[in-house]
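# Structure assessment
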Amino acid sequence: MAIELYSAAIDLDSASDTILAKRSKAKLDKKLWEEALLDAQKIIELNPSSYIGYQLEHAALHGARRYVEAITAFEIMLARLDDTPDTEIRKLRLQYASPFEAAAAVQAVVYAQLENTPHRLFNTFTGRLCDRGAQMDAFQMSTEYKELMSSSVKHADLRAERIKQVVAMYFSCAMLSHRWEENELLLQDIQDKIVYKLNPVGGIMKVQSFCQTARDAGYRWAWIDTCCIDQTSNVEVQKSVNSMFVWYRHSGLTIVYLVDVLPSSKSGALAKSVWNKRGWTVQEFLAPKVVLFYQNDWTLYLGDRSPNHKESGAIMQELADATGIDARALVSFRPEMKGAREKLQWASARVTTLPEDMAYSLFGIFDIQLPVLYGEREQNALGRLLQEIVARSGDISALDWVGNSSKFNSCLPADISSYKALPFTLPSLSEIQIQTSISSLRHVVAMNLALRLYNSLESMTAPRFAHCRLHLPCLVFPVTEVRRGRVRDQKVTHEFKTNGLDDLTIITEDKLPARETLLLVYPWNHDLLEQLNPADDTQNMGDYTIPGGSDPGRRASRFIGRVRQLIAPVDSESYLRALRLIVRLGQPFRAFLLAQRRGGEYRRIATDHDIIAQVRDTTSVRKMMDVRVVEIL
């Protein structure tokens with residue numbers, strides 16, 4: 001209706017720029033871009049010095065998706081605002097950003113996006129390999145970029161989330177996870193060539209199929225480790241190894257290619273695939289948020305057409321059963337050093353072509369960056385990784401292994417397979433059991449000794465590494481007697497007596513040193529220093545029942561209350577904490593066997609089984625008072 005009224009007014013009188021502007025705006029509201037553009041151009045003819053005609057021309061051209069012309073009209077509009085003698089109209093210029101400012105804002109978002117993207121990518125539309133400069137050139141030539149530049153006209157537009165969304169969508173890439181085969185395509189084979197025009201044989205066919213699959217899934221960019229990394233550049237290889245987890249994490253899609261899974265395969269083929277036995281693939285399926293598994297012929301695994309196989313319960317359960325990784329971790333893994341022992345076990349049965357890669361492939365899982373030194377051998381690479389984990393996190397679970405000691409440090413394993421066995425778990429105690437034990441200890445453990453032990457352990461420093469030497473805080477139990485037993489399969493059985501522990505039988509492959517001091521040590525874990533919290537006293541009681549009354553929870557609370565009255569005077573909270581710690585220390589623990597060297601340092605004597613020790617008598621606190629930091633080579 002408004003358009004007709006303005007048109008009638010124009011027909012009755014000669015067209016004025018004011019009425020034409022109103023009609024042009026009405027046509028813009030109706031998305032009549034070409035008609036609005038004609039009115040805008042008439043306004044410019046009538047009043048070329050006014051900004052209004054160019055403002056409307058920009059809006060009409062932008063709506064018609066003629067972005068380059070729209071940007072030109074906008075630039076002229078800014079010039080008219082700058083040149084106008086009317087101070088009030090000139091103030092309007094303050095709300096607008098120049099094309100230079102818009103370009104700088106978009107560029108800043110692009111750089112932030114590309115920080116988490118590989119440097120070299122395939123353009124799946126052209127089939128060419130593009131470095132960062134070529135990717136930027138392609139973006140600036142794209143419709144997406146021109147539309148952003150045309151629409152980012154005000155300062156408020158430069159802060160809009162929409163720029164991030166457009167940039168993220170444009171540069172979102174697909175990553176490939178696969179097993180390397182013979183005749184893989186390398187960077188030198190594909191540089192400056194169009195992959196789609198190459199003869200589809202061997203590794204070329206894999207790259208072509210991957211790029212086509214990524215393009216069909218809506219991704220302009222794609223990355224494959226074989227030819228997107230310059231394997232001859234140590235700098236690029238090191239950066240890639242340390243960045244790979246982040247790249248997979250920020251990918252739009254990770255395509256897993258199972259070369260040995262045939263189209264006719266049933267559920268279970270994924271678990272048996274050789275892809276599932278390689279070291280690098282652990283981070284390649286943990287890091288991404290969206291994963292799709294493809295069979296040998298590049299069809300979806302099990303015909304599952306869901307957009308994300310991480311949301312497929314059946315596929316994730318198959319992967320969980322095959323890897324031993326909890327299904328929740330498979331779907332929403334977070335890289336960190338916490339729980340190091342469990343993560344090391346995930347990789348313990350996997351293999352890599354280069355021995356050092358077994359350690360390098362775990363950098364991202366632990367959120368660690370270290371130098372990549374091919375040729376250093378597996379023991380050194382794994383040693384550096386484990387040293388960093390212990391030194392930075394204080395997590396000593398990485399020391400929980402069986403097998404052969406590393407030359408890097410005797411407290412670390414020689415290879416990742418030493419983590420295959422399930423770690424020893426400290427027996428759990430119910431609150432009732434703890435309180436009962438505290439009650440019995442109070443009558444025989446002097447307060448000053450209990451507090452001395454507690455304070456000594458509380459003040460212990462975290463474990464640390466320096467120059468391949470482990471400084472390990474621990475409770476020390478000197479070995480007083482060793483009896484050599486039978487020899488079977490080159491393994492020797494020894495009977496150990498110590499000052500403070502139950503007698504132990506330990507099997508070693510090597511002879512024990514005759515003249516060296518031997519220690520059995522309890523590696524100190526600060527998690528045992530739990531604070532006494534009366535509010536939690538009734539937790540972990542399970543099905544424990546106490547005679548009398550009808551409510552088990554109330555009966556337990558009354559029981560604990562009576563125990564507290566007996567053992568906890570108002571001034572003895574610290575004593576209670578100390579007794580509580582002693583009860584924990586009285587539980588079985590995983591001990592290390594150490595032998596002292598001439599310089600005073602120690603080395604760990606490796607065994608092929610856990611050494612599970614237990615304090616003989618928790619009332620003999622004096623025998624637990626040897627608390628120190630031991631230096632282990």
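What you are looking at is a predicted structure, and each value in this text was computed from that prediction instead of being measured.

### Describing the packing of helix α2 (residues 17–29) against helix α3 (residues 33–46)
- The geometry of α2 relative to α3 is characterised by a closest axis approach of 8 Å and an angle of 160 degrees between their N-to-C directions. Relative to α3, the element α2 is oriented roughly antiparallel. Like other packed secondary-structure pairs, α2 and α3 cross with a definite hand, here left-handed. When α2 is examined against α3, the residues Asp17, Leu20, Ala21, Arg23, Ser24, Lys27 and Leu28 are found in contact with a partner set consisting of Trp33, Glu35, Ala36, Asp39, Ala40, Lys42, Ile43 and Leu46.

### Description of the nonpolar core
- If you look at the biggest cluster of nonpolar residues, it comprises 122 residues, and the most contacted ones within it are Phe122, Phe139, Trp223, Leu286, Phe293, Phe366 and Leu385.
- Apart from residues no more than four positions distant in its own chain, phenylalanine 293 is found in contact with Val256, Leu258, Leu270, Trp275, Thr299, Leu300, Tyr301, His309, Ile315, Met316 and Leu319.
- Membership of the second largest hydrophobic core comes to 45 residues, among which are Met460, Tyr522, Val615 and Met624.

### Quick notes on the packing of aromatic side chains
- For the structure shown, the criterion picks out 19 aromatic pairs.
- Ring geometry for tyrosine 257 against tryptophan 298: centres 4.2 Å apart, planes inclined by 5 degrees, an arrangement best described as stacked. Of the two residues, tyrosine 257 sits in strand β5 (residues 253–257) while tryptophan 298 sits in the loop between β6 (291–294) and α17 (313–323), which places them 41 residues apart along the sequence. In this pair, the class of tyrosine 257 matches that of tryptophan 298, namely buried.
- A ring pair is formed by tyrosine 522 and phenylalanine 589, whose centres lie 4.0 Å apart and whose planes are at 15 degrees; its orientation type is stacked. In this pair, tyrosine 522 sits in strand β11 (residues 518–523) while phenylalanine 589 sits in strand β12 (residues 589–590), placing the two residues 67 residues apart along the sequence.
- With relative accessibility at 2%, the residue phenylalanine 589 sits in the buried group.
- Through a chain of ring-to-ring contacts, three or more aromatic side chains come together here, namely Phe139, Tyr145, Tyr170, Phe171 and Trp221.
- For the cation-ring pair, arginine 220 lies above phenylalanine 125, with the distance from its terminal atom to the ring centre recorded as 4.9 Å.
- Over the face of the ring belonging to phenylalanine 592 we find arginine 604, whose NZ or CZ atom lies 3.9 Å from the ring centre.

### Details of the environment of serine 240
- Within the fold, serine 240 resides in helix α14 (residues 234–249).
- On a C-alpha basis, the gap between serine 240 and arginine 616 in space is 53 Å, while along the polypeptide they are 376 residues apart.
- Apart from the residues within four sequence positions on either side, serine 240 is in contact with Ile229 and Trp247.

Cut-offs used in this document
Residues numbered from 1 in each chain as written. Predicted model: local features only at pLDDT ≥ 70, side-chain atom pairs only at ≥ 80, totals over all residues. Heavy atoms only, no water. Axes fitted to C-alpha atoms, helices over the stretch in contact; angles between N-to-C directions. Helix = DSSP H or I, 4+ residues; strand = E, 2+ residues; numbered from the N terminus. Parallel < 35°, antiparallel > 145°, perpendicular 65-115°, else oblique. Left-handed = near helix turned anticlockwise from the far one by under 90°. Contact = heavy atoms within 4.5 Å. Core = buried A, V, L, I, M, F, W, Y, C linked by side-chain atoms within 4.5 Å. Buried < 20%, exposed > 50% of the residue type's maximum accessible area, 1.4 Å probe, protein only. Phe/Tyr/Trp six-rings, centres within 6.5 Å; stacked < 30°, edge-to-face > 60°. Lys NZ or Arg CZ within 6 Å of the ring centre and 35° of its normal.

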